[in-house]
Number of protein chains: 2
Amino acid sequence: MNQTIETILNHRSIRKFKAEAITDEQVNTIIKAAQQASTSSNVMAYTIIGISDNALKEELYKVSGHSHVKNNAHLLIFCGDLHRINQLANADESVSIEDNLESTEQFIVATIDASLAAQNATIAAESMGLGICYIGSLRNDINRVNELLELPNHVIPLFGLVVGYPDHQPDIKPRLPLEAVYHQNKYLPFYEQQKHIEAYDHEMKQYYQTRSSNTKIDTWSDQMVRKFSQPTRMDVSPFVKQKGLNLK
Amino acid sequence: MNQTIETILNHRSIRKFKAEAITDEQVNTIIKAAQQASTSSNVMAYTIIGISDNALKEELYKVSGHSHVKNNAHLLIFCGDLHRINQLANADESVSIEDNLESTEQFIVATIDASLAAQNATIAAESMGLGICYIGSLRNDINRVNELLELPNHVIPLFGLVVGYPDHQPDIKPRLPLEAVYHQNKYLPFYEQQKHIEAYDHEMKQYYQTRSSNTKIDTWSDQMVRKFSQPTRMDVSPFVKQKGLNLK
C-alpha cells in the first residue's frame, strides 16, 4: 500500500483543532490541488471562498451549530458557480444560454465539479498532516449563507470544509461492506444487499458501544430511517431555483 | 511537496489505455478508497457499478461516443442512490420519508457523496500509476444507461470513470488563475475576476496552439459561450424527477 492510499484509508472527520495556524503556502497548495481535479468540459463550475474573518466565522457557526466552524485554522466554502459563464455570455447579445444555465444537468455539473475539487483539497490537506471536516450543516440556513457571502445569481453554497491540525483522533467509522455499494454490471437488488446491511448494522452497534467517545446503542438502519423521517432543509429547493438554477 | 500532492497536481485525463489488465486487488483498493470518503451523516447515498461485461461496455460506448468507454481496463459507473434508504424505511409502516427522499437537498447529498467517493477512487488509481477519465457523456442518454444497469427508483447514473494503464501522456491542461476561483470572505464580483479570465484566455490560446495533439485556435471564454448556447441533455431533469428525486 502506497502512502497516498494510506492517507485516504486513514480518513476520519476532525472536529477539534489545535490553535496552530496553517501557512498561506499550505492554503495555496490545497487550493491548487482542488483546481487540478477533473471538471466537466473544463467549465470549472465552482468557486471556493476562504473565510479568515472571525466575525464571519461566528455568523457561519450560528448557521451550522458546530463549534469547529469557528474553531479551526481555516474554513473553505465550496459553491456551485455558473455566474461566471453567464456573465461571459451576457457580453454577446446574439447568444442565449438560458436553457443550459437553468437546467438540472448543469446544476449536477456544478455540484460534481465543486465536490471533486473539495475532495482533492481534502486529500492534499490530509497528506500534509492536517485534518478536515465537511460542513453540510451550512445548508441549515442556505439563504443566510448566501447573504453573508454576497453570492450573485447562479452561485449557491454547497458545503464548507474546515481545516487544521487535529487535536483529537477519533476512531475510523466503518463503512457499508464493499458488496453493498459495489455491484457487478447491473444494480444488485435490495434483497441481495440486505445481508450486507445486516452485517453492517451489527458492526455499527459494536462500534457505537465501544468507540472512544460518544457511545450509544444504535444501528445504521435505525439511524437512517429516523433521520429521513424528519423533513429537513426543504428550503434548499426554492433557494436553488430562486438563484436561477435547477429550473428546467 | 509530498508524493500525494505530486500525484494530484500531475492529473490529466487519460483517454487511451494499454491492453494490460488491472488486478482484482487493485479494483478492490480503488473501491475501498472510494468508500472512505466523507459522506453526509453517514448516508453513503451512492452505488458504484463495475462494468466487466464487454457487450455492456459496447452499449455504454454507444451512449457516450468515446472509444475509451469500451477500451479500458475497467469502467465504474457512479450512481446517486437513495433506494437503499427507501427500502429500509418501507419496512416500517409507521414512518414516511417522502419529503426528504424527494427533496433537492437529498439529491444534492447523493450527488456530492458519489462525487467525493469518485475522486478518492481517482487519486487512489493515479497513485498506483493508473490513469482515469470521467465520463459525463453517459448523461447523453441517461434513460438508456438507467435501463442497461437496471436501476430501481431513487437511483440515477451520474457519471462513469474509466481506469487503466495510460498509453499516452497528454499535456496537463491549465486551470483558471487561482484568484478567479478562490475568493476571500465574500464573492469576488465578476468585473474583478475579468482580468484573471483574460489572462487565462491568453494562456489557453497558447496551450491549444502548441499542445502535443489536437491543436486549434480557441479561448476558454469563446468555448464556454459556444458550449452553453447549445441546449444539451435537457432530458436529465425529467429523468431525475421520474426516478423520484429532486421533486420538492
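Structure's up top.
Residues numbered from 1 in each chain as written. Chains lettered and ligands numbered in written order. Predicted model: local features only at pLDDT ≥ 70, side-chain atom pairs only at ≥ 80, totals over all residues. Heavy atoms only, no water.

Trainee: Please clarify how the overall build of chain A should be interpreted in this entry.
Mentor: In terms of helices and strands, chain A carries 11 helices and 5 strands. Relative to its length of 248 residues, chain A is compact, with a C-alpha radius of gyration of 20 Å against a globular reference of 18 Å. Overall, the C-alpha framework of chain A stretches about 60 × 50 × 40 Å when taken along its three principal axes. Counting across all 248 residues of chain A, residues that qualify as buried make up 60%. For chain A, long-range pairs separated by at least 24 residues make up 78% of all intrachain contacts whose partners lie at least 6 apart in sequence. For chain A, the accessible area works out to roughly 9,600 Å², and carbon and sulfur atoms hold 44% of it. (Helix = DSSP H or I, 4+ residues; strand = E, 2+ residues; numbered from the N terminus. Rg over C-alpha atoms; globule rule 2.2 N^0.38 Å. Buried < 20%, exposed > 50% of the residue type's maximum accessible area, 1.4 Å probe, protein only. Contact = heavy atoms within 4.5 Å. Areas by Shrake-Rupley, 256 points an atom, 1.4 Å probe, with all protein chains shown as cover.)

Trainee: Honestly, the relation of the copies chain B and chain A in this entry has me stumped. Any pointers?
Mentor: One chain copy maps onto the other through a rotation about an axis and a shift parallel to that axis. For these two chains of identical sequence, chain B goes onto chain A by a turn of 180° and a shift of 0.0 Å along the axis, with RMSD 0.0 Å. These values place the two chain copies in the arrangement generated by a two-fold rotation axis. Judged by C-alpha distance, Thr4(B) is the residue of chain B that lies nearest the rotation axis, at 2.6 Å. In this assembly the copies share their binding face: 100% of the residues contributing to the interface of chain B also contribute to that of chain A. (Least-squares fit on C-alpha atoms with pLDDT ≥ 70 in both.)

Trainee: Looking at this structure, how should I read the pairing of strand β2 (residues 74–81) of chain A?
Mentor: In regular strands, side chains alternate between the two faces of the sheet. Residue and element names in this part refer to chain A. With 8 of 8 residues buried, β2 lies mostly within the body of the structure. Burial along β2 is two-sided: the face carrying His 74, Leu 76, Phe 78 and Gly 80 and the face carrying Leu 75, Ile 77, Cys 79 and Asp 81 are both buried. Relative to β2, strand β1 (residues 46–51) is paired through 6 bridges, and the arrangement is antiparallel. The partner of Ile 49 across the bridge, within β2, is Ile 77. Of the strand pairs in this sheet, β2 and strand β4 (residues 155–164) are connected by 8 bridges, and their pairing is antiparallel. The residue bridging Asp 81 from the neighbouring strand is Val 155, located in β4. (Pairing = 2+ DSSP bridges.)

Trainee: What should I look at first to understand the packing of aromatic side chains in this one?
Mentor: Per the stated rule, a full pass over the model turns up 9 aromatic pairs over all chains. Here the aromatic cluster, defined as three or more aromatic residues joined through ring pairs, consists of Phe78(A), Tyr134(A) and Phe159(A). Sitting over the face of the ring of Tyr61(A), Lys70(A) holds its NZ or CZ atom 4.1 Å from the ring centroid. Its guanidinium or amino end placed over the ring of Phe228(B), Lys227(B) lies 5.9 Å from that ring's centre, counting from NZ or CZ. (Phe/Tyr/Trp six-rings, centres within 6.5 Å; stacked < 30°, edge-to-face > 60°. Lys NZ or Arg CZ within 6 Å of the ring centre and 35° of its normal.)

Trainee: Could you clarify how one ought to interpret the state of the cysteines in this entry?
Mentor: When the sulfur atoms of two cysteines share a covalent bond, that bond is a disulfide. All names here are of chain A. What the rule picks out here adds up to 0 disulfides over all chains. Among the cysteines around Cys 79, which has no disulfide bond, Cys 133 carries the closest sulfur, lying 18 Å off. Of the residues examined, Cys 79 reaches a relative accessible area of 0% and is grouped as buried. (Disulfide = S-S within 2.5 Å.)

Trainee: What should I look at first to understand the pairing of strand β3 (residues 131–135) of chain B in this one?
Mentor: Residues and elements named next belong to chain B. Extensive coverage of β3 is indicated by the burial of 5 of its 5 residues. In β3, alternate side chains face the same way, and those of Gly 131, Cys 133 and Ile 135 on one face and Ile 132 and Tyr 134 on the other are all buried. Note: β3 against strand β4 (residues 155–164), 5 bridges, orientation antiparallel. Paired with Gly 131 across the strands is Gly 164, a residue of β4.

Trainee: Whenever I open this one, the pattern of salt bridges confuses me. Can you help?
Mentor: Opposite charge on two side chains allows them to pair when their charged atoms are near. One pass over the structure, following the stated rule, counts 24 salt bridges over all chains. Notably, a salt bridge pairs Glu105(A) with Arg139(B), separated by 2.7 Å at the nearest N-O pair. You can see Glu105(A) sitting in helix α6 (residues 104–127) and its partner Arg139(B) sitting in the loop between β3 and α7 (142–148), one on each of two chains. Here Glu105(A) matches Arg139(B) in class, with each residue buried. Residue Lys248(B) is joined to Glu98(B) by a salt bridge in which the shortest nitrogen-to-oxygen separation is 3.6 Å. Remark: Glu98(B) occurs in helix α5 (residues 98–101) and Lys248(B) occurs in the segment after α11 (236–242); sequence separation between them is 150 residues. Owing to a relative accessible area of 29%, Lys248(B) belongs among the partly exposed residues under this scheme. Residue class for Glu98(B) comes out partly exposed when judged on its relative accessible area of 44%. Here the residues in one salt-bridge network are Glu59(A), Lys62(A), Arg144(A) and Glu147(A), joined through shared partners. (Salt bridge = Lys/Arg side-chain N within 4 Å of Asp/Glu carboxyl O.)

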